[in-house]
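Fold and contact review
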Amino acid sequence: MPLDFFEKIESHLENKLPFVVYRKPNEQAVTAICQQDDELHYLSDYTETGFVFAPFDSSSTTVLLKLDQVLRFTDFEDEEIVKSESNREETCTKQKAFHLDLVKKGIAEINVGNFDKVVLSRRIQLNMKTPPLALFRSLLHEYKTAFCYLWYHPKVGLWLGATPEILLTMRNRKITTMSLAGTQNYNNEENPEWGNKELEEQQLVTEYIFNALEGKVSDLERTPTESVRAGSLLHLRTKISGNSKQENLGEVIRALHPTPAVCGMPKEKTKAFILTNENYDREFYTGFLGELNFKTERNRNNRPRNTENNVYRSISKNTTLFVNLRCMQMNEDKVSIYVGGGITKDSNPEKEWVETVAKSKTMLKVIKAVE
Ligand SMILES: C=C(O[C@H]1C=CC=C(C(=O)O)[C@@H]1O)C(=O)O
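Residues numbered from 1 in each chain as written. Predicted model: local features only at pLDDT ≥ 70, side-chain atom pairs only at ≥ 80, totals over all residues.

Per an unreviewed UniProt entry, the chain carries the name Isochorismate synthase and comes from Zobellia amurskyensis.

**Some thoughts on the site of the ligand**
Note the threshold: Placing a C-beta atom from the backbone of each residue, we mark the residue near a molecule or strand if the atom is within 6 Å of it. The way it works is that DSSP assigns letters per residue, a run of H or I at least four long becomes a helix, a run of E at least two long becomes a strand, and they are numbered from the N terminus.
Within the structure, the ligand sits among 17 residues, and Thr183, Ala261, Gly340, Gly341 and Gly342 are positioned closest to it. Mapped onto the shell around the ligand, the elements with two or more residues apiece are β6 (117-127), β10 (174-185) and β18 (334-343).

**A closer look at the nonpolar core**
This is how it is decided: Each nonpolar core comprises buried Ala, Val, Leu, Ile, Met, Phe, Trp, Tyr and Cys residues, the members being joined through C-beta atoms within 7 Å. Burial is judged by counting the other C-beta atoms within 10 Å of a residue's own C-beta: 20 or more makes it buried, 12 or fewer makes it exposed, and any count in between marks it as partly exposed, with every C-beta position built from the backbone. Throughout, a pair of residues is in contact if the C-beta atoms placed from their backbones lie within 7 Å.
Within the largest apolar cluster, 87 residues are counted, with the highest numbers of intra-cluster contacts made by Tyr149 and Leu160. At 6 residues, strand β7 (residues 147-153) tops the list of elements feeding residues into this core. Among all residues touching Tyr149, those that are not within four sequence positions of it are Val20, Val21, Tyr22, Leu160, Gly161 and Leu289.

**Digging into the sheet that holds strand β8 (residues 157-163)**
Stated formally: We call two strands paired when DSSP finds no fewer than two bridges between them. In this analysis, axes come from line fits to C-alpha atoms, helices being fitted only over the stretch in contact, and the angle between any two N-to-C directions falls in the range 0 to 180 degrees.
A sheet is described by the order of its strands in space; here 9 strands give the open sequence β5-β2-β1-β7-β8-β17-β18-β6-β14, paired in antiparallel fashion. The sheet is open, and its two edges are formed by β5 (69-73) and β14 (264-265), each paired on a single side. Pairing analysis gives 5 bridges linking strand β2 (residues 30-34) to β5, with the strands arranged antiparallel. Note that in β5 the partner of Ile33 across the bridge is Val70. Its contacts with the sheet put helix α2 (residues 93-111) on β6 and β18, and the angle it makes with β6 is roughly 170°. On top of the sheet, helix α7 (residues 349-370) reaches β6, β8, β17 (327-330) and β18; it is set at about 140° to β18, its chief contact.

**So, the UniProt feature "domain: Chorismate-utilising enzyme C-terminal" (unreviewed entry) in the chain**
Threshold: UniProt positions are given in the numbering used here, feature names are shortened, and annotations may be inferred rather than shown by experiment.
Within the UniProt annotation, "domain: Chorismate-utilising enzyme C-terminal" (unreviewed entry) is assigned to residues 99-295 and 314-359. As annotated, residues 99-295 comprises 31% helix and 39% strand, and the C-alpha atoms at either end are separated by 44 Å. End C-alpha to end C-alpha, residues 314-359 measures 42 Å, and it is 24% helix and 52% strand.

**Some points on the confidence of the model for the chain**
Which entries qualify depends on this criterion: The predictor's confidence in any single residue is recorded as pLDDT, a number from 0 to 100.
Of all residues in the chain, 92% attain a pLDDT of 70 or more, and the chain-wide mean is 92. Interface confidence for the predicted complex, expressed as ipTM, amounts to 0.99; the pTM equals 0.93.

**Some points on helix α4 (residues 196-213)**
Quick note on the threshold: Multiply 1.5 Å by the residue count of a helix minus one, and that product is the helix's expected span.
The end-to-end C-alpha separation of α4 is 26 Å, in line with the 26 Å expected for 18 residues at 1.5 Å each. Just beyond α4, the residue with positive phi is Gly215, at close to 90°.

Next comes the structure, spelled out in structure tokens:
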């Protein structure tokens, strides 16, 4: 059992010092970044290096954790989680009525031609007290293909998630992003049929990303759209890649975030609608997080043998950012789970509600596992 790695993080948390611990999709290594004081740093521009934590509302500030101490744990031993009998289900009818009304309002805006698509969400609050690191380990066990993280800053809060969505990766000038939208339950079928509503909803996101990147990124390419599993759900995904024309990471991020996978089309109008009508503050849900300008050093040795001084170093700059979905915020004795879904002209409010219930299970499953 990797006690010293997790013990260090535990003591950082007890000492109320900022940190993030995370594992990238399909990787083994778990990384922890620990800040040695509790200062709150904000990102001033995208040439900085650190771990970013950005809110949904891009007019609010982005938090930057400094790389004071970086710990890597390479072989996390997977543990069987014993499921308890506890069965938390949502029963709040008031919340349901509010969400149905919100979705209807969104559809009405689409029908009068104000929006093409809007993503509407809600917050589920539960009373519970669970050690955050136990929850994080449970996430690692359950969601191997997700970006799993636990993020803490005493002046901001404690967040935890297992997201299937990449906002952007950038290695030197090579950029990759994805259009992820459309949801159905996974029923042992990796490539099921999709309805027109979902296909169109995802297509809108793909087109938006293409338009947003045009002029900033060259050689734009996309993969065929495929089904991709995220826990007990499936989504539609198209990967999009290209080469950035210059050192313009900030410009690319501002063009993408928030994409219509979490906000809507057109961006500003739907964002204003969300901020006014959802009736709660998304904070960091549907924001983004990850490594900004991490430097990787590699010794390269591709000259002929028997040549002296044939090893030289190459340094690449990497950024890997994920959209903060399937996440929750923890307070002393309360958790808030955040869930939403894309609304189009063909949306059915009742089905949209059911979809948010299905999405809440990603976090509820780990809560049940450690309760
Ligand atoms: C907004 C969320 O999911 C987005 C990502 C994938 C599929 C989505 C959908 O089908 O609506 C959403 O666009 C969420 O999980 O809260």
